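Here's the letter readout for the chains.
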Amino acid sequence: MQLKTILNRVEHFKSFVYGNARWLEDAERPTLEIEIEARKNGRAICSGCGRRRPGYDRLPERRFEHVPLWGIAVYFVYAMRRVKCPTCGLIVEQVPWCDGKNQLTTTYRWFLAGWAKRLSCKGVADAFKTTWQNVFRLVEHAVSWGLAHRNLEGVESIGVDEIQYRRGHKYLTLVYQTDENCRRLLWVGKDRTTKTLLRFFRMFGKERSARLRFVCSDMWKPYLKVIGKKAGQAIHVLDRFHIMAKMNKAIDEVRAAESKRLERDGYEPVLKHSRWCLLKREENLTEKQAVKLSELLQYNLQSVRGRLMRDDFQRFWEYRYPACAGKFLDEWCTRAMRSKIEPMKKVAKTLRRHRELILNWFRAEGTISSGIVEGLNNKAKLTMRKAYGFRTPKAIEIALYHQLGALPEPEFTHEFW
């Protein structure tokens, strides 16, 4: 089978034919150059208006790098025609294998962008003998094309959360689609302010926002304010993960303060090495931690009482009806306020303040879970870690869209995988 036959099968260009193929002898690695010729009866297409126009003259030959073949660098060689267009003037023709002044064919650019989902940009550049800048530009192009062609219709549930991308409280707000049939990143914004989330809803549009059924977020005030204003009809479910995280943080504060007090008063340091046996759930304890916990339960410590209160609150998530869950929540908050444990009293006040949003967990009947958002957040952190840090928030945004956005790609005759 000849090389022309293979190329015509995988990359057939209308109005163009493949000419001679030759080895490039003085190249640093095995290189193949393939000439492309325009059909004699074919007229050039104006790259400005896209219409067929009469030819004017030819430019010097250009080389377009294509997908490597068996580790052999492949280049298309073609002398571009200029056309005389009554609308656009003298302009270079449009060719089907490339656009603009790119030196890589369109197929090769999408090929490298696809590999950038599996490897870091540096890894792709090393594997295919190109530069990090080239690969990143291709990823940026793929993201721009995908965002312009993606479909945002049919989104019924979203999750809002933030991740820290740099030291010094530098955050990104991430909005995910959490529908059962589609889970993807919808939007990335710098900071976690009211204005940040408002930019998402402006992008999303009033009509789509009015069709949202469920929204999941944590208790960050700017998020609650914007969601209530822009998607008030949706059932707003507070993130279960963050509620339990607040309780764990309160228990840790109690333990740290109590440990210092015991040491100051000359008592036995029973709380030493007890942090994780107090924070972990019983089924996740190691044998050593389980023994330590059983020893602590013999003491009347605020840390132990705080843990027992948290374990008791776990029963809240087992209810099926909002009314019953609300009654339990009210009783638990009353016990917490009488416990004289200040961090737990602070948690109880927070739960009372967001009572209706917490009970939306049961009104949603389990159709939306914060676990989806946390899972996508872990993938987002892995994306940032894979690149060993980005210099700008824009670069992070592009990488996150590329990995988590489930963006569409153009269809090709053949996929080079």
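From a predicted model like this one, the values you see are computed outputs, not experimental measurements.

Calculation notes
Residues numbered from 1 in each chain as written. Predicted model: local features only at pLDDT ≥ 70, side-chain atom pairs only at ≥ 80, totals over all residues. Heavy atoms only, no water. Helix = DSSP H or I, 4+ residues; strand = E, 2+ residues; numbered from the N terminus. Buried < 20%, exposed > 50% of the residue type's maximum accessible area, 1.4 Å probe, protein only. Contact = heavy atoms within 4.5 Å. Areas by Shrake-Rupley, 256 points an atom, 1.4 Å probe, with all protein chains shown as cover. Lys, Arg positive; Asp, Glu negative; His and termini not counted. Charge placed at Lys NZ, Arg CZ, Asp CG, Glu CD. Salt bridge = Lys/Arg side-chain N within 4 Å of Asp/Glu carboxyl O. Pairing = 2+ DSSP bridges. Axes fitted to C-alpha atoms, helices over the stretch in contact; angles between N-to-C directions. Parallel < 35°, antiparallel > 145°, perpendicular 65-115°, else oblique. Left-handed = near helix turned anticlockwise from the far one by under 90°. Nonpolar A, V, L, I, M, F, W, Y, C, P; charged D, E, K, R; others polar. Phe/Tyr/Trp six-rings, centres within 6.5 Å; stacked < 30°, edge-to-face > 60°. Lys NZ or Arg CZ within 6 Å of the ring centre and 35° of its normal.

A. Here's a closer look at the overall build of the protein chain. Summing up its helical and strand segments, the protein chain has 16 helices and 10 strands in all. Within the protein chain, the proportion of its 417 residues that are buried is 46%. If you take every contact in the protein chain between residues at least 6 apart in sequence, the share linking residues at least 24 apart comes to 57%. Just so you have it, the protein chain exposes about 23,800 Å², and 50% of that area is on carbon and sulfur atoms. Where the 78 positive side-chain charges of the protein chain centre and where its 47 negative ones centre are 5 Å apart.

B. Highlighting the pattern of salt bridges. Considering all chains together, one arrives at 25 salt bridges under this definition. A salt bridge links Asp-99 to Arg-109; the nearest nitrogen and oxygen atoms lie 2.9 Å apart. Of the two residues, Asp-99 is situated in the loop between strand S5 (89-92) and helix H2 (106-115) and Arg-109 in helix H2; the sequence distance between them amounts to 10 residues. A relative accessible area of 39% places Asp-99 in the partly exposed class. Measuring nitrogen to oxygen at the nearest pair gives 3.4 Å for the salt bridge that ties Lys-117 to Glu-409. Of the two residues, Lys-117 is situated in the loop between H2 and helix H3 (121-127) and Glu-409 in the segment after helix H16 (393-404); the sequence distance between them amounts to 292 residues. Here the salt bridges share partners, and the residues they tie into one network are Arg-22, Glu-33, Glu-35 and Arg-63.

C. Seen up close, the environment of Asp-126. Tracing the backbone shows Asp-126 in helix H3. On the basis of relative accessible area, Asp-126 is assigned to the partly exposed category, the value being 45%. Here the alpha-carbon distance between Asp-126 and Leu-296, two residues 170 residues apart in the chain, equals 55 Å.

D. Spatial organisation of the pairing of strand S8 (residues 182-190). Note that strand S7 (residues 170-179) and S8 share 7 bridges and pair antiparallel. Residue pairing in the sheet places Gln-177 in a bridge with Arg-184 of S8. Remark: 2 residues form the turn of the hairpin made by S7 and S8, two consecutive strands paired antiparallel.

E. Summary view of the packing of helix H8 (residues 240-264) against helix H13 (residues 342-353). At a minimum axis separation of 8 Å, H8 and H13 run at an interaxial angle of 160°. Classified by the interaxial angle, the pair formed by H8 and H13 is roughly antiparallel. Our pair here, H8 against H13, has a crossing hand that is right-handed. Note on element contacts: H13 touches H8 through Pro-343, Met-344, Val-347, Thr-350 and Leu-351, opposite Ile-243, Lys-246, Met-247, Ala-250, Ile-251, Glu-253 and Val-254. Class assignment for the residues of the contact of H8 with H13 results in 9 nonpolar, 1 polar and 2 charged.

F. Main features of the pairing of strand S6 (residues 157-166). Burial analysis of S6 places 8 of its 10 residues in the buried class, which makes it a mostly covered element. Bridge analysis of S6 against strand S9 (residues 214-217) gives 3 bridges, and the strand direction is parallel. Across the sheet, the residue bridging to Gly-159 is Cys-216, located in S9. Between S6 and S7, which pair antiparallel in sequence order, lie 3 residues; one of them, Gly-168, sits at a positive phi of approximately 90°.

G. View of the packing of aromatic side chains. All told, the structure shown has 24 aromatic pairs when counted by the stated rule. Taking 5.1 Å as the distance between ring centres and 80° as the angle between the ring planes, the aromatic pair formed by Phe-16 and Trp-97 counts as edge-to-face. In this pair, Phe-16 sits in strand S1 (residues 16-23) while Trp-97 sits in the loop between S5 and H2, placing the two residues 81 residues apart along the sequence. Take Phe-16 and Trp-97: they sit in the same class, and that class is buried. Ring geometry for Phe-200 versus Phe-204: centroids 5.3 Å apart, planes at 20°, classification stacked. Of the two residues, Phe-200 and Phe-204 are both situated in helix H5 (residues 194-204); the distance of 4 residues between them amounts to about one turn of the helix. In this pair, the class of Phe-200 matches that of Phe-204, namely buried. These aromatic residues form a ring-pair network of at least three members: Phe-313, Phe-316, Trp-317, Tyr-319, Phe-328, Trp-332, Trp-361 and Phe-362. Positioned above the aromatic ring of Tyr-171, the side-chain terminus of Arg-192 is 4.0 Å from the ring centre.

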